[in-house]
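# Structural overview
Listed below are the residues making up each chain.
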Amino acid sequence: MSDSTTTAHNPYLQHHYAEMEQQVDAGKIGMWLFLATEVLLFGGLFVGFAIMSAKHHEAFKLAHEHLDRSLGALNTVVLLLSSFTMVMAVDSARHNRQKALVWYLVATLTLAGVFLGVKYFEYSHKFHLGLLPGKYYAGGGEDAVGQAMFFSFYFMMTGLHGFHILGGIVVIAWLIRRSIRGVFTSAYNAPVDLAGLYWHLVDMIWIYLFPLLYLIG
Amino acid sequence: MRTYAIILGILLVLTAITVAASGIHFGSPAINVVVALGIASLKASLVALFFMHLLHDKPLNALIFVAGLVFLALFLILTLIDVDFRLPVEVTPTAFLTGLRLW
C-alpha cells in the first residue's frame, strides 16, 4: 500500500500529471515521436543516396574505395559497445545501482569520444587528399563529378550523424552530473531512459550508414 | 544483464558477417546490397526490440516508430518509381554542382 503513496508523492512528479506512470509514458511517447522525425530527417539523405548511387554506380563504387572500411568497422563496434553500456546504465538506474549507473554512463561517454576521435582522423585524412563534397572535390579520378557527389553524401550523412553524437555527449555529460548527485533512482529515472532511446537511434543510423557508405558504396 | 550481453554478442557477430559478406561476389552487386541491408535491418531490429525495450514496452511506442519507417518506405519507393519513369530531363551531376554554385 505504502508503495503507491510514495509514487504519488514523488518530488519529480509534475503537477499536470496524475501519477508518475502517466508522466513517464507521456515522456516516452514524446521521445518516440521525436525519433520518428529523426528517421525521416535522415531518410531524406538515404533516399537521395539511393537515387544517386543508382545513377552513378561506377563513380560511387570508385569513391567508396577511398573509405577505410576497418576504421568504419571499428567505429561500428565502438557504437555497439556504447549502446550496450547505455542500456546497462538504464538498467542500473531502474535497479537503484547508482554507482554502476555513473560508471556505465562514463563508459558510454568515453566510447562516444572514441567514435568522434576516429571520425576526426578519417575526416582529416580525406581533407588532406582533397576528397571533399561537391565543388570542393579535388580528388580527381574517373567520373570526378560523380565521385564529388558521393563525398557530398558522405559528409552530409556522417556529419549530421556526428552532430547527433555530439548532442548525445552533452546529454550524457549532464546525466553523469545528475547521477553523481544521486538524483536517479528506481522511482525516477526517465531522463536516463529517454537519453538511452536517443542514443540507440543514433547507433541504429550508423548500423545503416556503415554498410551503405563503407562496404557497398 | 545476460540478455543485453547476448544481444551485444549477436550484434558484433553480425557486424563481422556483414564485413565478410561485402568481400564476396554473389554474382550480382544487387545481391550484395540486399545482404548488407538485410543484416543491417536485423541488427537495427535487435537494437529496437531489446536495447530500446520495444519488445516489452507499450505497443503505442512501437506503432509510432513503425509509422515513421512506413512513411520512409513510401518516400523511398515512390521517389524511385518516379525517377525510373522520368524522361531524359534528369538531375545530372553537372546540374547538381551548378545548383550548388548558384546556392
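Residues numbered from 1 in each chain as written. Chains lettered and ligands numbered in written order. Predicted model: local features only at pLDDT ≥ 70, side-chain atom pairs only at ≥ 80, totals over all residues.

### Some points on the overall build of chain A
Note the threshold: Numbering goes from the N terminus for both helices and strands, where a helix is a DSSP run of H or I of at least four residues and a strand is a run of E of at least two. Neighbour counting defines burial: a residue surrounded by 20 or more other C-beta atoms within 10 Å of its own C-beta is buried, one with 12 or fewer is exposed, and intermediate counts give partly exposed, using backbone-placed C-beta atoms. Distance between backbone-placed C-beta atoms decides contact: two residues are in contact if it is within 7 Å.
Along the backbone of chain A there are seven helices and zero strands. Dimensions of chain A along its principal axes, counting C-alpha atoms only, are 75 × 30 × 25 Å. For chain A, with 217 residues in total, the buried portion stands at 40%. For chain A, contacts bridging at least 24 residues in sequence account for 74% of all contacts bridging at least 6.

### Describing the domain arrangement of chain B
Here is the rule we go by: For every domain, the bounds stem from an assignment made automatically or drawn from a database.
One can read the domain layout of chain B as domain 1 (1-57) and domain 2 (58-103). Placing the centre of domain 1 of chain B and that of domain 2 of chain B at their C-alpha centroids yields a distance of 24 Å.

### Examining the packing of helix H2 (residues 20-55) of chain A against helix H6 (residues 144-180) of chain A
Residues and elements named next belong to chain A. We count it as follows: Simply put, an axis is a line fit to the C-alpha atoms, just over the touching stretch for a helix, and the angle between two N-to-C directions goes from 0 to 180 degrees. Oblique is the label for any angle not covered by the other classes, which are roughly parallel (under 35 degrees), roughly antiparallel (over 145) and roughly perpendicular (65 to 115). By the definition used in this description, the sense in which the near helix is turned from the far one sets the handedness, with an anticlockwise turn below a right angle giving left-handed and a clockwise turn giving right-handed. Each residue receives one of three labels: charged for Asp, Glu, Lys and Arg, nonpolar for Ala, Val, Leu, Ile, Met, Phe, Trp, Tyr, Cys and Pro, and polar for the others, Gly being one of them.
At a closest axis distance of 11 Å, the pairing of H2 and H6 adopts a crossing angle of 160°. In terms of orientation, H2 and H6 fall into the roughly antiparallel class. The two elements H2 and H6 cross, and the hand of that crossing is left-handed. In contact with Phe42, Leu45, Gly48, Phe49 and Met52 of H2, H6 contributes Met149, Phe153, Met156, Met157 and Leu160. For the contact of H2 with H6, a count of residues per class yields nine nonpolar, one polar and no charged.

### Considerations on the environment of Leu62 of chain A
Residues and elements named next belong to chain A. Mapped onto the fold, Leu62 is located in helix H3 (residues 57-64). In this structure Leu62 comes out as partly exposed when scored by C-beta crowding, with 19 C-beta atoms within 10 Å. Leu62 sits 79 residues away from Gly141 along the chain, and the two C-alpha atoms are 8.5 Å apart. Apart from residues no more than four positions distant in its own chain, Leu62 is found in contact with Gly141, Glu142 and Gln147.

### Let's talk about the interface of chain B and chain A
Taken together, the 40 residues of chain B in the interface contact 39 residues of chain A. When residues of the side of chain B that touches chain A are traced back to their parent elements, those giving at least two are helix H1 (2-22), helix H2 (29-51), helix H3 (59-84) and helix H4 (93-102) of chain B. In terms of residues, the side of chain B that touches chain A owes the most to one element, H3 of chain B, which gives 14 residues. Residue composition of the side of chain B that touches chain A, grouped by class: 29 nonpolar, eight polar and three charged.

### Examining the environment of Val39 of chain A
Tracing the chain through its elements places Val39 of chain A in helix H2. The exposure class of Val39 of chain A is partly exposed, given the 18 C-beta atoms found within 10 Å. As a C-alpha pair, Val39 of chain A and Asp193 of chain A span 154 residues in sequence and 19 Å in three-dimensional space. If we skip the residues at most four places from it in the chain, Val39 of chain A touches Gly68, Leu69 and Leu72 of chain B.

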